[in-house]
Amino acid sequence: MFIQVCGAARAVTGSCYLVEVGDSRFLVDCGMHQGGDKEQAANFQRFSFDPEELDFVLLTHAHIDHSGRLPRLVKQGFSGPIYATPATCDLAEIMLLDSAYIQETEAEWQTRKAKRAGRRPVDPLYTDGDARKTISLLQPVDYHNPLDIAPGVQVQFHDAGHILGSAFLELQLQEHGERATVVFSGDVGQPGRPIIRDPETIESADFLIMESTYGDRRHENNGAPEDQLAKIVEEAKRTDGNVIVPAFAVGRTQEIVYFLREIIEGHGWDMPIYVDSPLASRATEVYRRHRDVFDEEAWERVGEPGGILGYPGLYYTESADESRALNEQKGIVIISASGMADAGRIRHHLKHNLWRPEAHVVIAGYQAEGSMGRRLLDGAETVRIFGEEIAVKAHIHNITGLSAHADQEQLLEWAGHVRSPRLVILTHGEPEAAATLKGLLNERLGFTVAIANLDEVFDLGKAPRKRAVRSE
Ligand SMILES: [Zn+2]
Ligand SMILES: [Zn+2]
């Protein structure tokens, strides 16, 4: 039995692991590489395994960096079941359709360019049809329901507290009398976030494959994120500026909508809030359908008029015309995707607001190297949007406490529940973050830690054995 790390090695995006146990071969996650052109090119590279030979896939959560290459896998011959929690299945459906739309649009645009240059048309990474086929393979599995999935493979989903439906996976593997408990952390959430529950923990694992996104950082404790957000909203209100929030459509948007209600209603302010992302609107519908996995606090409020994700003064815009109409408005909050500000409608809102000194941009999540969000955080004086040079005069705020990811201390706390793992394998983090976390896991907890390289193989048996790897 072995694990091969096929993505998110010394990088945050592209999560994908191949596991082989006895006659079974399966993947944990099959995510998109995100960031810039280099990452997009990597999405087109062939898999290091044959998709047709996979028996099934386990999906930790719906974020595109974990699910986004599933339709590519299906396009290349995978036809087995994809197991995930019920909420993840529903979120994956809307996210994969959205992703297919983006891929098709991108390919059309590239094709027009290619034709003008006398080159061949460009194929999309996958199509709407591939995404629909993928969705038909999704199989819901409840949390805490041990599932014997194949000979020698049992899986249990535990709440990772990251986004709705997110899970870390506990695998009980058995091969030729050897046993190993393998835990894939997925993305570990921050305790105390609204709506969803806190991450659960686990005590027993021989191998822990763990994310390290914030392995070198602590979410600054400069006040509760809702208080920081309140100050920004108040300032914008005073100067009649807009507050622009690039936000992941799933998770972050719902959290911000939840906080803004407390802020605006709490102060008796009158400031319209627009969620300008059809994907975020659809994701909010999925949230409403899965109240069973809300935390207690959210439950207490669900009964109130309008629930927690719909209230007076909050508008969900759909059409492009409605979106454009927001350009004319002042003194409003716009929450729009993508979360790293390099795709989607948020680019229009940044184009129309970045140059305004009275505007505020709230960055509230992880920003990959090369992304627009990262450039703004790094203090860029101008940025290019739709081929136009835009001056950055708006106030750029970074609210790290809103992160859906555990920070350094929280990762150490989470891992500390595991009693003496044989090996911790760090993935899903930039090299610096992984290296810092490795040092701390070793020093403080005495764990043996490896930082995975791309395509690196880890033997899970006591004795190494020969294994078949697809020849190139
Ligand atoms: Zn995630
Ligand atoms: Zn992730």
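All values derive from a computational prediction rather than experimental measurement.

### Topic: unusual backbone geometry
Part 1 of the argument: Residue Ala 337 is joined to Ser 338 through a cis peptide bond whose omega torsion reads 10°.
Part 2 of the argument: Tracing the backbone shows Ser 338 in the loop between β15 (333–336) and α11 (346–353).
Part 3 of the argument: For His 176, which is not a glycine, the phi torsion comes out positive at approximately 45°.
Part 4 of the argument: Structurally, His 176 is set in the loop between β9 (167–175) and β10 (178–184).

### Observations regarding the pairing of strand β20 (residues 423–427)
Part 1 of the argument: Within β20, four of the five residues are buried, which leaves the element mostly enclosed by the surrounding structure.
Part 2 of the argument: Pairing between strand β11 (residues 207–211) and β20: five bridges, direction parallel. From the neighbouring strand, Glu 211 faces β20, where its bridge partner is Thr 427.
Part 3 of the argument: Of the pairings in the sheet, the one linking β20 to strand β21 (residues 449–451) comprises three bridges and is parallel in character. Residue Ile 425 lies in a different strand from β21, and its bridge partner there is Ala 450.
Part 4 of the argument: Tracing the backbone out of β20, into helix α14 (residues 431–445) and back to the parallel element β21 gives a crossover that is right-handed.

### So, the sheet that holds strand β19 (residues 395–398)
Part 1 of the argument: Spatial strand order, β14-β13-β15-β12-β16-β19: six strands in an open sheet with parallel pairing. Each edge of the open sheet is held by one strand with a lone partner, namely β14 (314–316) and β19. For this sheet, the mean inter-axis angle between neighbouring strands, taken without regard to orientation, is 20°.
Part 2 of the argument: As judged from the four bridges shared by strand β12 (residues 243–246) and β15, these two strands associate in the parallel manner. Counterpart to Ile 244 in the pairing with β15 is Ile 334.
Part 3 of the argument: Packed on one face of the sheet, α11 meets β12 and β15 and runs near 145° to β12.

### Some thoughts on the domain arrangement of the protein chain
Part 1 of the argument: Structurally, the protein chain comprises domain 1 (2–217 + 404–459) and domain 2 (225–402).
Part 2 of the argument: Of note, the centres of domain 1 and domain 2, computed from C-alpha atoms alone, are 27 Å apart.
Part 3 of the argument: At the interface, 26 residues of domain 1 touch 27 residues of domain 2.
Part 4 of the argument: Looking at the side of domain 1 that touches domain 2 residue by residue, the classes come out as 14 nonpolar, eight polar and four charged.

Thresholds, definitions, all that
Residues numbered from 1 in each chain as written. Chains lettered and ligands numbered in written order. Predicted model: local features only at pLDDT ≥ 70, side-chain atom pairs only at ≥ 80, totals over all residues. Helix = DSSP H or I, 4+ residues; strand = E, 2+ residues; numbered from the N terminus. Buried ≥ 20, exposed ≤ 12 C-beta atoms within 10 Å, placed from the backbone. Pairing = 2+ DSSP bridges. Right-handed = clockwise from strand over helix to strand, strands pointing away. Axes fitted to C-alpha atoms, helices over the stretch in contact; angles between N-to-C directions. Contact = placed C-beta atoms within 7 Å. Domains from an automatic or database assignment. Nonpolar A, V, L, I, M, F, W, Y, C, P; charged D, E, K, R; others polar.

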